[in-house]
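Examining the three-dimensional arrangement
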Amino acid sequence: MKNTMKNVLVQSARDVYNNLKFIFLFWGTNAVFALLLTLPLYRLLNENLNRSLIGSSLTHDFNYTWFLQFSNIFKSNIDELPYLIIAVTAIYTLIQTFFLGGLISVFHFPKKNHFTDFFYGSVKYWYRFLKVLIVSIVLYAALFILNDYLGDLISFLFVGNGNELAEIIIRSLRYLLLIFLIGMVTMISDYTKVSLALADREKVFSEIKSVLVLMKKNFYLIFNIFLFVALLGAVGSVIYNFLEALIPSEPVYFLILAFVLQQMLVIFRLYIRMFFYSTEVNIYKDIVADFAAVDISDDKTEIKK
Amino acid sequence: MKIFAFILLLLYSTLSITENIDEIIPPSKNLGKETQSGKIHKTTTVATENRDSIKIHFFIQPEHERHIERLKKICSLTLKFLSKNIGKYPYSDLSVVDIPKNIQTAESLNANAIVFDADYFLAKQSYEFEISIASKIASIYFGNIVKNISSDDAWLNYGLSRYIAHKVVEKNYPLQMNTFHLAGYLPIYGITFLSYNEIPIIYTLRYFDVPLESSSLKKYYENINSVPIAGNNSDALNKEELEVKNVHKPYLFMLSLDRYSGENNTLGIISEYYKQSLVSPVGKDGFIDILLKTTPTKYEFNRYALSALNTADKFDYAVDSLTAIGDNEFQIIASRKEAGVFPVEIFAYTEKDTLKFRWDGKSVHKKIIFQSNEKVIAAELDPRHKNIFDLNYANNSFMLEPDYTTSVSVAIRWFFWIQNAIIIIGSVG
């Protein structure tokens, strides 16, 4: 297959469509973890609101004073929430890493896409992907530390300087740089995992090195497809926000409609995540095939000589 | 995904900047002239209630030139309000000077001048800027013209000024909407629940109206055990506690007074305090004296006023239960959860009617038995939230039948935010 953007996107969309059954696994896992983080809050809300008339003002609109008071009354519980979110998200991330092995495996061998094949891939690649995850987290942390230091540097440079606009522009550029670098780390991490699985290798750092070479040679294709899929995800969010604003807050049964819409967005986001990996597997397969073709033709030339 | 959620937010914010901020006024010859210090100088004239005209000189930094219409509006409205309700503005002009953020000058050296700093971007329906300017102008009355007896009385200046600013904005501006700052400076309408380093992680982009007193309430809740309003400044443990003692608590107290005794009575008390202080400074004792003499239903409210001003007592009243105790007979049990005492009204809502009771709020519990042929729905105390220091309005009411709709509705929304957050954060794997 010629690795044009269109071909990659069409083939990847087909691959995702053929493996849509896995989306329910991802969705279910996501919902279970979100539920774990919602139940403590629900208990607090029940305690605070189930007999209170203030609830009606919250159903129809938002009561900011209630929000301030609720945050103050349950301060100790709410202060713990970020830690709980981090702990649960850490476990969720490990499970996602586990699922990712299966997902890449079924995209690699489209005919072997039963749940047994999926979990076989999950088990087989989990440890390798875990190493990539650790490297990625270190790199993300480094990026955020770098971002902090850049912020300090900008503050230092603008002490005693009244040029607000210049400071705002430079600070914005700092965030754009952060976003770009996060994107790069994500791409490197994703392609390393794809490469580890497809080439069936285990050495993470040497794989990162070869992925960097691969990305350098095919940067435009890789970056453009990554950007396209990401923008597709962003379009979904925009459409959701537009539709959600149209749903009235009463009568109460519109709550169900809003919930259905929210879950559609969550499923769409999971679909986009599958689409990312599908495009990455297809691009990687094409690029490696091209390399192989070049090698073979070189060999033939040598024989002819 | 996380990157693009952030890009989306950034794009949204960039697009909405044009909505959020006032129209940018291009520099033009008739707008003003640049002074030697690089500031834009513009003058406007305000005719007050007494038909006096006051010239306002604006010295604005060029990058804040777009805020000039907002400045003109709030300065004119505040001067008119003060002249009408408190007393005549004693000067012929007012200077409004915009200072760079990096200059640590909080107060003006001239009696008829105010200094301020402003953010580069101001959200159209967020009024902290207006509140700040109006407070500073009112402070000319209560801090410059009238002198405090001691620095411990600074709350009279700051608290009364902020209350005046609240009234000016409340009367002349649409509802305030909540904003959060993206990357530290871009105001976005909505609420952020979880963020890292100015990067919002769990947030919602919507227009949420937010009462003008919210920022003061937030600071009060954060410093709930701060020094009493009429206490000594030296007792405050830190700068924030001192600010709560001198600015936010007295302002909230004045709002409570406003809700309890009405705006006219409250402004009358302030005006009387101002007039007496012009003759000779009366300080906090003079102010409290005027307050106690002037407020209607004196006895009950005075107990609250003295408690709110002289002690750090907290306030929380609750309806603990509403039960049917016989045929057409119902019982309300209300309680005072904290030491602070406030006279409260208790309403019992039936399908067709509202029954009203009064409670002086002194006892720890109050039992009310009433009869009604109608179906009783709920009981509520202080329904108009007159006691602004009440820590929990949610327990002010009690429904006969529980309703889980709201908790489910809020929990579902939270569930969705969490689903998205863990997709975004979890995608690092």
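Now for the overall build of chain B. Across its full length, chain B holds 10 helices and 16 strands. In chain B, the share of contacts with a sequence separation of at least 24, taken over all contacts with a separation of at least 6, comes to 64%. Carbon and sulfur atoms form 51% of the exposed surface of chain B, whose accessible area is close to 18000 Å².

On to the overall build of chain A, then. Assigned secondary structure in chain A consists of 10 helices and zero strands. Its helices and strands taken in sequence order, chain A reads α-α-α-α-α-α-α-α-α-α from the N to the C terminus. The buried share among the 305 residues of chain A stands at 47%. Considering only residue pairs separated by 6 or more positions, chain A has 77% of its internal contacts joining residues 24 or more positions apart. Total accessible area on chain A stands at roughly 15600 Å², and carbon and sulfur atoms take up 70% of it.

Below, the discussion takes up the nonpolar core. Counting residues in each nonpolar core, the largest one holds 181 residues, and the members touching the most others are Phe142, Ile164 and Phe253 of chain B. Counting contributing residues per domain, this core is built from domain 1 (31–176 + 211–294) and domain 2 (318–401) of chain B, each supplying no fewer than three. Setting aside residues up to four positions removed in sequence, Ile164 of chain B forms contacts with Phe81, Leu82, Ile86, Ala138, Phe142, Leu267 and Ile270 of chain B. Counting 20 residues, the second largest nonpolar core, distinct from the first, contains Leu133, Phe144, Tyr175 and Leu178 of chain A.

With that settled, consider helix H1 (residues 5–18) of chain A. In an α-helix, one full turn covers 3.6 residues, which means residues spaced three or four apart are oriented alike. All names here are of chain A. Along its 14 residues, H1 runs 20 Å from first to last C-alpha, staying within 8% of the 20 Å computed at 1.5 Å per residue. Taken together, the buried positions of H1 are Val8, Leu9, Ser12, Asp15 and Val16. What you see down the axis of H1 is that its buried residues fit within an arc of 130°, all on one side. Away from the buried face of H1 by more than 90 degrees, exposed residues Lys6, Arg14 and Tyr17 are located.

Attention shifts here to the environment of Thr93 of chain A. Turning to its location among the elements, Thr93 of chain A is positioned in helix H5 (residues 75–108). C-alpha of Thr93 of chain A to C-alpha of Leu130 of chain A: the two residues are 37 residues apart in sequence and 9.8 Å apart in space.

Here we take up the packing of aromatic side chains. Residues and elements named next belong to chain B. For the structure shown, the criterion picks out 50 aromatic pairs over all chains. Counting every residue linked through ring pairs, the aromatic cluster contains Tyr220, Tyr221, Phe253, Tyr260, Tyr304, Phe315, Phe342 and Phe389. Here the guanidinium or amino end of Arg66 rests over the ring plane of Tyr120, the centre of that ring lying 4.2 Å away. Cation over ring: Lys73 sits above Tyr173, and NZ or CZ is 4.2 Å from the ring centre.

Another aspect to go through is helix H9 (residues 219–246) of chain A. Relative to the 40 Å expected for 28 residues at 1.5 Å per residue, H9 of chain A spans 41 Å between its end C-alpha atoms, a close match to the ideal helical length. Among all positions in H9 of chain A, only Leu221, Ile222, Ile225, Phe226, Val229, Ala230, Gly233, Ala234, Gly236, Ser237, Tyr240 and Glu244 of chain A are buried.

Let us look at the interface of chain B and chain A. Across the contact, 74 residues belong to chain B and 86 residues belong to chain A. Summed over both partners, the interface of chain B with chain A comes to about 7100 Å²; 69% of that surface belongs to carbon and sulfur atoms. Taken together, the connections running from chain B to chain A amount to two salt bridges. In this structure, the salt-bridge partner of Glu244 of chain A is Arg206 of chain B, at a minimum N-O distance of 3.2 Å. Here chain B and chain A share 21 residue pairs in polar contact (both at pLDDT 80 or more) between them. Here the side of chain B that touches chain A is composed, by residue class, of 45 nonpolar, 16 polar and 13 charged.

Residue and element names in this part refer to chain B. Taken together, the three strands give an open sheet; going across it, the order is E10-E11-E14, and neighbouring strands pair in antiparallel fashion. Looking at strand neighbours, the two that pair on one side only are strand E10 (317–326) and strand E14 (365–371), the edges of this open sheet. Neighbour-to-neighbour, the strand axes of this sheet turn through a mean angle of 20°, independent of strand direction.

Once that is clear, we can look at the confidence of the model for chain B. Confidence in the prediction for chain B averages 85 pLDDT; 87% of positions are at 70 or higher. The low-confidence segment residues 6–32 of chain B, where pLDDT is below 50, has 53 contacts with residues more than four positions distant or belonging to other chains.

This part is about the side chain of Glu280 of chain A. Summarising the element assignment, Glu280 of chain A is placed in helix H10 (residues 254–304). Not counting residues up to four positions away in its chain, the partners in contact with Glu280 of chain A are Asp190, Tyr191, Val194 and Phe226 of chain A.

Here the focus is the sheet that holds strand E13 (residues 354–359) of chain B. Residues and elements named next belong to chain B. Read from one edge of the open sheet, four strands run E13-E12-E15-E16, paired in antiparallel fashion. Looking along the sheet, the strands with just one partner apiece sit at the ends: E13 and strand E16 (397–399). Here the average twist between neighbouring strands, direction ignored, is 15°. The pairing of strand E12 (residues 344–350) with E13 spans six bridges and is classified as antiparallel. Directly across from Ala348, in E13, lies its bridge partner Leu355.

What follows concerns the side chain of Asn282 of chain A. With respect to the helices and strands, Asn282 of chain A occurs in helix H10. Here Asn282 of chain A is in contact with Val8, Gln11, Ser12 and Asp15 of chain A, once residues within four sequence places are set aside.

As a further point, take the pattern of salt bridges. Any two side chains of opposite charge can pair, on the condition that their charged atoms come close. All names here are of chain B. In the structure shown here, the tally under the stated rule is 24 salt bridges over all chains. Asp320 is paired through a salt bridge with Lys337; the nearest N and O atoms lie 3.1 Å apart. Taken together, the residues span a long stretch of sequence, with Asp320 in strand E10 and Lys337 in the loop between strand E11 (329–336) and E12 at a distance of 17 residues. Since its relative accessible area comes to 28%, Asp320 is described here as partly exposed. Residue Lys337 is classed as partly exposed on the basis of its relative accessible area, which comes to 44%. In this structure, Lys362 and Asp360 form a salt bridge, with 3.9 Å as the shortest nitrogen-oxygen distance. Classification of Lys362 as partly exposed rests on a relative accessible area of 34%. Asp360 gets classed as partly exposed once you look at its relative accessible area, which sits at 30%.

Right, let's talk about the packing of helix H2 (residues 68–85) of chain B against helix H3 (residues 128–145) of chain B for a bit. All names here are of chain B. With their axes 9 Å apart at the nearest point, H2 and H3 run at an angle of 40° to one another. Classified by the angle between their axes, H2 and H3 sit oblique to one another. For H2 against H3, the interelement crossing comes out right-handed. In this structure, H2 uses Arg70, Leu71, Ile74, Cys75, Thr78, Leu79, Leu82 and Ser83 to contact H3, whose residues at the interface are Phe129, Glu130, Ile133, Ala134, Ile137, Ala138 and Tyr141. Along the lines of polarity and charge, the residues of the contact of H2 with H3 split into 11 nonpolar, two polar and two charged.

For Leu41 of chain A, the position within the fold is in helix H2 (residues 21–49). Along the backbone, Leu41 of chain A and Leu81 of chain A are 40 residues apart, and their C-alpha atoms lie at a distance of 8.8 Å. Apart from residues no more than four positions distant in its own chain, Leu41 of chain A is found in contact with Phe70 and Leu81 of chain A together with Trp414 of chain B.

Analysis parameters
Every chain is numbered on its own, with residues counted from 1 as its sequence reads. Both sets of labels track the order of writing: A upward for chains, 1 upward for ligands. Per-residue local features are limited, in this predicted model, to residues with pLDDT of at least 70; the limit for side-chain atom pairs, both in listing and counting, is 80 or more; totals at the level of whole chains, interfaces and linings are taken over all residues. Working from all heavy atoms in the structure, the side-chain values ignore hydrogens and water. Numbering of helices and strands runs from the N terminus; a helix is a DSSP stretch of H or I covering at least four residues, while a strand is a stretch of E covering at least two. The criterion used for residue contact is that any of the two residues' heavy atoms lie within 4.5 Å. The accessible surface values rely on the Shrake-Rupley method and a 1.4 Å probe; as for residues, cover is taken only from the protein chains in view. The cut-offs for exposure are 20% and 50% of the maximum accessible area for each residue type, with area from a 1.4 Å probe on protein chains only; residues under the lower value are buried, those over the upper are exposed, and the others partly exposed. For the purposes of this section, nonpolar cores are sets of buried Ala, Val, Leu, Ile, Met, Phe, Trp, Tyr and Cys residues that join through side-chain atoms within 4.5 Å. Each domain's extent is set by a domain assignment, obtained either automatically or from a database. Between the first and last residue of a helix there are one fewer steps than residues, each counted as 1.5 Å, and that sum is the expected span. This arc corresponds to the set of directions leading from the helix axis out to the C-beta atoms. Geometry of aromatic contacts follows a simple scheme: Phe, Tyr and Trp rings, the Trp one being its six-membered ring, pair when their centres are within 6.5 Å, and the pair is stacked under 30 degrees between planes, edge-to-face over 60, tilted otherwise. The rule is short: NZ of Lys or CZ of Arg within 6 Å of the ring centre and within 35 degrees of the ring normal puts a charge over the ring. What counts as buried area is the accessible surface, traced by a 1.4 Å probe, that two parts surrender upon association, with contributions from both included. By salt bridge we mean one thing: a side-chain nitrogen of Lys or Arg within 4 Å of a carboxyl oxygen of Asp or Glu. What qualifies as a polar contact is a pair of N or O atoms within 3.5 Å, subject to a donor-acceptor requirement within protein and to the restriction that residues adjacent in sequence count only when both atoms come from side chains. Ten residue types, Ala, Val, Leu, Ile, Met, Phe, Trp, Tyr, Cys and Pro, are classed as nonpolar, four, Asp, Glu, Lys and Arg, as charged, and the remainder, Gly among them, as polar. Only strands that DSSP links by at least two bridges are regarded as paired with each other. Axis geometry follows a simple rule: fit a line to the C-alpha atoms, using only the stretch in contact for helices, then measure angles between N-to-C directions, giving values from 0 to 180 degrees. Residue-level confidence of the predictor is what pLDDT reports, using numbers from 0 through 100. Convention used here: angles under 35 degrees read as roughly parallel, angles over 145 as roughly antiparallel, angles from 65 to 115 as roughly perpendicular, and any remaining angle as oblique. In this scheme, a crossing is called left-handed if the near helix is turned counterclockwise away from the far one by less than a right angle; it is called right-handed if the turn is clockwise.

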